[in-house]
Amino acid sequence: MKFRLFAASMLALVTTVMMTSLPATSHERLVDQEPKTGQILEAGIAEVKLSFSDDLISLENSAGSEIVILDSDRNPVNNGCAVIDGRTAIARADIDKPGTYQVGWRVVSGDGHPISGSFSFVVENNAGYIADPDYLFTECANPYNPETLDVEVQTPASLYWLLWGSLPLAAVGLFLLLRSKNKSSGNNRKDPEEKTEN
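Residues numbered from 1 in each chain as written. Predicted model: local features only at pLDDT ≥ 70, side-chain atom pairs only at ≥ 80, totals over all residues. Heavy atoms only, no water.

(A) Structural view of the pattern of salt bridges. In this structure the tally under the stated criterion is 8 salt bridges. For D54, the salt bridge identified is with R87, shortest N-O distance 3.9 Å. Of this pair, D54 sits in the loop between β3 (44–52) and β4 (66–70) while R87 sits in the loop between β5 (83–85) and β6 (88–95), and the two are 33 residues apart along the sequence. Among the ionic pairs, R87 bridges to D55, the shortest N-O distance being 3.8 Å. Of this pair, R87 sits in the loop between β5 and β6 while D55 sits in the loop between β3 and β4; the two residues are 32 residues apart in sequence, bridging distant segments of the chain. R87 gets classed as partly exposed once you look at its relative accessible area, which sits at 43%. Here the salt bridges share partners, and the residues they tie into one network are D32, E34 and K36. (Salt bridge = Lys/Arg side-chain N within 4 Å of Asp/Glu carboxyl O. Helix = DSSP H or I, 4+ residues; strand = E, 2+ residues; numbered from the N terminus. Buried < 20%, exposed > 50% of the residue type's maximum accessible area, 1.4 Å probe, protein only.)

(B) Geometry of the state of the cysteines. Using the criterion set out here, one finds 1 disulfide in the structure. Sulfur-sulfur distance for the disulfide between C81 and C140 comes to 1.9 Å. The chirality of the disulfide connecting C81 with C140 is left-handed, given an S-S dihedral of about -70°. Of this pair, C81 sits in the loop between β4 and β5 while C140 sits in the loop between β8 (114–124) and α2 (157–188); the two residues are 59 residues apart in sequence, bridging distant segments of the chain. Residue C81 is classed as buried on the basis of its relative accessible area, which comes to 1%. (Disulfide = S-S within 2.5 Å.)

The following block contains the structure:
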């Protein structure tokens, strides 16, 4: 009985930690993106397209919405302006320098809450493409400001979800292990009323 109580307590603790540690998902969320994290693109006009679970708020001149693309030296290759169209946010940049690029984004969800995130992709230049230094996808009211939008260098998200995903499995495994030990120890006990044969 003590083993079962302990296992149930562990399971409740793990569940509580997960519920309080994971972000709330009641607001709109990112459901798809192009390019994918770690995707390799050929040099040229790179389009970042973010798709969300519901319509975004589009303010005048895309104020409040940013998609900034930084090169491996953390220099912006676009002005950070994003075009909002229903559930999507789009930005483009003309890129010729090979390397890893970080994307940082922030939009306003339909319920008025700002949501943000970041990811990275890779550019290769196998054809000797030369970018247009005057390329401008769009203008907006709030060009990129590094003081208001910090683009974090991404670590593999799979490690984070593997860590949290393993906790409930470990708790269930512990529960089943202790339960089977408890049953086996109970089966090894002899019934006091059971008579042994001579």
